[in-house]
Amino acid sequence: MAIPIRLAAMMVLLVTVTAHPHRRHCHMSRYRSLSPSDIRAVRLLHNEHEKSPFSDGIKCQKKMFRHKPSVCDLKASDRHILTLERVTLAVDVLTNMTESPLSEFVSQPLEFFRSLEDDLKHCRKSPFYSDSPSQQLMPWLNHLKHFRERVSAQCVGDAVLLSLIQLLIEDVMCWANKE
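Residues numbered from 1 in each chain as written. Predicted model: local features only at pLDDT ≥ 70, side-chain atom pairs only at ≥ 80, totals over all residues. Heavy atoms only, no water.

As annotated in an unreviewed UniProt entry, the protein chain carries the name Interferon lambda-3 and comes from Xenopus laevis. According to its UniProt record, the protein chain has this under Subcellular location (unreviewed entry): "Secreted". Annotation of the protein chain in UniProt includes, under Sequence similarities (unreviewed entry), the sentence "Belongs to the lambda interferon family." (UniProt positions renumbered as here; feature names shortened; annotations may be inferred.)

Have a look at this one:
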C-alpha cells in the first residue's frame, strides 16, 4: 500500500512538531490585547472581594508589593520569570477558592490564568527565556517567597485578589508587548 506524498509530508511535519516541542516558538502576542470578557471577569472578582467585610486586603497587598517592581524595566527573561511567579501564585490562590463565598466568580479568571501559566511555562523552556534570574530580580523573588511564607493564607489570598487587575494590565501586557 503506497502512502500519498501529501500524506507522508504531513506525517513528517506532525512528527517534527510534536517530537520537538522546544522548537516551537514562544508566542505571547495573544496577550498583547486581552479579551474584554476576561478583564470583566477579573474586575468582577476583584470588586466582589473588596465588598467582603473580612478582607484586610490593602495591608496585605502593600506587604506583597513592598518593592514596587516595574516589570517593563526588566530584561526579557526577568520579566518572564517574575510574571510566571505572580501568575502561579494567582492560580494557587484561585484554585483554593472553591469553598469561598466568591467561588461563583472564580471560574473564568482561573481558566484564563491557568492557560497563561501553561503558556509561560512553555516559553520558559525556550532558549530566549531560560536564563537564571538576574541580580536585579532576586530581591523581588525573595520578597515574594518570604511574603508567602510569613503571612497567613488569608492575607496572601487578599493580596492576590486585589492585585489581579494589576497583574493583567501591567505585568502580562507589558511582558507580551515587549516580547
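Inspection of every chain in the model, using the stated rule, returns 2 aromatic pairs. Between Y31 and F112, the ring centres sit 6.0 Å apart and the planes meet at 75°, which makes this aromatic pair edge-to-face. Separated by 81 residues along the polypeptide, Y31 in the loop between α1 (5-19) and α2 (36-50) and F112 in helix α5 (residues 107-124) bring together distant segments of the chain. Taking the relative accessible area as the measure of exposure, Y31 reaches 5% and is therefore buried. When the ring of F112 is compared with that of F113, the centres are 5.3 Å apart and the planes differ by 80°; the resulting orientation is edge-to-face. Every member of this aromatic cluster is reached through a ring pair, and the members are Y31, F112 and F113. (Phe/Tyr/Trp six-rings, centres within 6.5 Å; stacked < 30°, edge-to-face > 60°. Helix = DSSP H or I, 4+ residues; strand = E, 2+ residues; numbered from the N terminus. Buried < 20%, exposed > 50% of the residue type's maximum accessible area, 1.4 Å probe, protein only.)

It is the contact of α2 with helix α7 (residues 153-177), at a shortest axis distance of 9 Å, that shows an interaxial angle of 150°. Compared by their axis directions, α2 and α7 come out roughly antiparallel. Along this stretch, α2 crosses α7, giving a crossing that reads as left-handed. Here I39, V42, R43, L45, H46, H49 and E50 of α2 lie close against α7, whose contacting residues are D158, L161, L162, L164, I165 and L168. (Axes fitted to C-alpha atoms, helices over the stretch in contact; angles between N-to-C directions. Parallel < 35°, antiparallel > 145°, perpendicular 65-115°, else oblique. Left-handed = near helix turned anticlockwise from the far one by under 90°. Contact = heavy atoms within 4.5 Å.)

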